[in-house]
Amino acid sequence: MSISRQSSESGRPTPAVGWRTVDIVVAAVIAVAFGAVFQVWNLAWAAASPAFVAFPPLQGLMYGVWMIPGVVVPRPGAALLGEAIAASASALFGAQWGLLTVGYGLAQGAAAELIFAFGLYRRWGLPSAILAAAAAGAAATLLDVAVYYAEWSPAWQLAYAALVIPSSAAIGGIGSWLLVRSLAQTGVLSGFASGREQREV
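Calculation notes
- Residues numbered from 1 in each chain as written.
- Predicted model: local features only at pLDDT ≥ 70, side-chain atom pairs only at ≥ 80, totals over all residues.
- Heavy atoms only, no water.
- Patch = residues over 30% accessible without salt bridge, like charges linked within 9 Å, V, L, I, M, F, W, Y side chains within 5 Å.
- Areas by Shrake-Rupley, 256 points an atom, 1.4 Å probe, with all protein chains shown as cover.
- Salt bridge = Lys/Arg side-chain N within 4 Å of Asp/Glu carboxyl O.
- Helix = DSSP H or I, 4+ residues; strand = E, 2+ residues; numbered from the N terminus.
- Buried < 20%, exposed > 50% of the residue type's maximum accessible area, 1.4 Å probe, protein only.
- Phe/Tyr/Trp six-rings, centres within 6.5 Å; stacked < 30°, edge-to-face > 60°.
- Expected span 1.5 Å × (residues − 1).
- Contact = heavy atoms within 4.5 Å.
- Core = buried A, V, L, I, M, F, W, Y, C linked by side-chain atoms within 4.5 Å.
- Axes fitted to C-alpha atoms, helices over the stretch in contact; angles between N-to-C directions.
- Parallel < 35°, antiparallel > 145°, perpendicular 65-115°, else oblique.
- Left-handed = near helix turned anticlockwise from the far one by under 90°.
- Nonpolar A, V, L, I, M, F, W, Y, C, P; charged D, E, K, R; others polar.
- Polar contact = N/O pair within 3.5 Å; in protein donor to acceptor, adjacent residues only side chain to side chain.
- pLDDT = per-residue confidence, 0-100.

Another point: a nonpolar patch on the surface. The grouping of Val32, Leu92 and Phe93 at the surface amounts to a nonpolar patch, some 330 Å² of accessible area in total. Considering the arrangement of structural elements, one finds Leu92 in helix H2 (residues 78-92). Judged by relative accessible area, which is 76%, Leu92 ranks as exposed.

Evaluated as defined, the whole model comprises eleven aromatic pairs. Between the aromatic rings of Trp45 and Tyr63, the centroid separation amounts to 5.7 Å while the plane-to-plane angle is 85°, which identifies the pairing as edge-to-face. A residue pair is termed long-range when its members are at least 10 positions apart, and Trp45 in helix H1 (residues 21-48) and Tyr63 in the loop between H1 and H2 qualify at 18 residues. For the residue pair Trp45 and Tyr63, the accessibility class agrees, reading buried in each case. Summarising the aromatic geometry, the rings of Trp152 and Trp156 are spaced 5.7 Å apart at their centres and angled 85° between planes, so their arrangement reads as edge-to-face. Judged by relative accessible area, which is 12%, Trp152 ranks as buried. By relative accessible area, which is 29% here, Trp156 ends up partly exposed. An aromatic cluster is defined as three or more aromatic residues linked by ring pairs; in this entry it consists of Trp45, Phe55, Tyr63, Trp66, Trp97, Tyr148, Tyr149, Trp152, Trp156 and Tyr160.

Now for helix H3 (residues 100-118). Taking 1.5 Å as the rise per residue, H3 with 19 residues should run 27 Å; its terminal C-alpha atoms sit 28 Å apart, in good agreement. Looking at H3, one finds that the buried residues are Thr101, Tyr104, Gly105, Gln108, Gly109, Ala111, Ala112, Glu113 and Phe116. On its buried face, H3 is in contact with H2 and helix H4 (126-147).

Another point: the nonpolar core. Residues Trp45, Tyr63, Met67, Val71, Phe116 and Tyr160 are the most contacted members of the largest nonpolar core, which totals 34 residues. Mapped onto this core, the elements with two or more residues apiece are H1, H2, H3, H4 and helix H5 (154-184). No other element matches H1, which puts seven residues into this core. In contact with Tyr63, other than residues within four places in its own chain, are Trp45, Tyr104, Gln108, Ala140, Asp144, Tyr160, Val164 and Ser167.

Bringing the packing of H1 against H2 into the picture now. Between H1 and H2, the least distance of the axes is 7 Å, while the angle of their chain directions is 50°. By the criterion of interaxial angle, the relationship of H1 to H2 is oblique. In terms of crossing hand, the pair formed by H1 and H2 is right-handed. Taking contact as the criterion, the partners of Ala28, Ala31, Val32, Phe34, Gly35, Phe38, Gln39 and Asn42 in H1 are, on H2, Gly82, Glu83, Ile85, Ala86, Ala87, Ala89 and Ser90. Per-class residue counts for the contact of H1 with H2 are nine nonpolar, five polar and one charged.

Further remarks concern the environment of Ser167. With respect to the element layout, Ser167 can be found in helix H5. Other than its neighbours up to four places away in sequence, Ser167 contacts Gly60, Leu61, Met62, Tyr63, Gly64 and Gly172. Here the side chain of Ser167 touches Leu61 through a polar contact of 2.8 Å, landing on its backbone oxygen. A distance of 3.4 Å separates a polar side-chain atom of Ser167 from the backbone nitrogen of Tyr63.

With that settled, the discussion passes to the confidence of the model for the protein chain. Put simply, the protein chain has an average pLDDT of 84, and 83% of its residues get 70 or more. Element-level mean pLDDT values for the protein chain span from 40 in strand E1 (residues 4-6) up to 95 in H4. Below a pLDDT of 50 lies the segment residues 1-16, which in the model reaches 28 contacts outside its immediate sequence neighbourhood of four places, other chains included.

Next up on the list: the side chain of Ser168. Looking at the secondary structure, you find Ser168 in helix H5. Residues contacting Ser168, with those up to four places away along its chain left out, are Gly64, Met67, Ala133, Ala134, Gly137 and Gly173.

What follows is the structure, given as structure tokens:
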């Protein structure tokens, strides 16, 4: 089965955006794997918290890891699916935030989804990965400020946002791009725009 179709206007390949069974399985496996990574990072976050007691917003620099599953696979619904499954797995593995973790996954996935939707899921590269991860980080920041840090001063809240969003862009965006470059060599992501574009570079 071809993984792209020819554009009737330009003759250039246009990536397919539908889902195959193997795509769902691959996306789910990646998300569950990141659920385990999330739980390790949850514990690291808790362990590191005392180091930031003088200026808690600075811990936002650690945030970006939680954005990766929503950026790796740009297919319709994949960002939402990836973050939701990873967050659910993390909750099942014992995340200290319980079911609220799933809510965060849904919010982060939806934010990344919007960025990919603007591109009609047809291109995946470093700029779109960075923007999607940054959007996911912005969504997480809004939730954090509303749920956990409402008592912080506006200056602290803004500082937190100014650290979480770049962390998300760098770790979640650039990190995802580097991860895809590695996975593309194995052929695992060959059915996705991300994997195809990395193989073409």
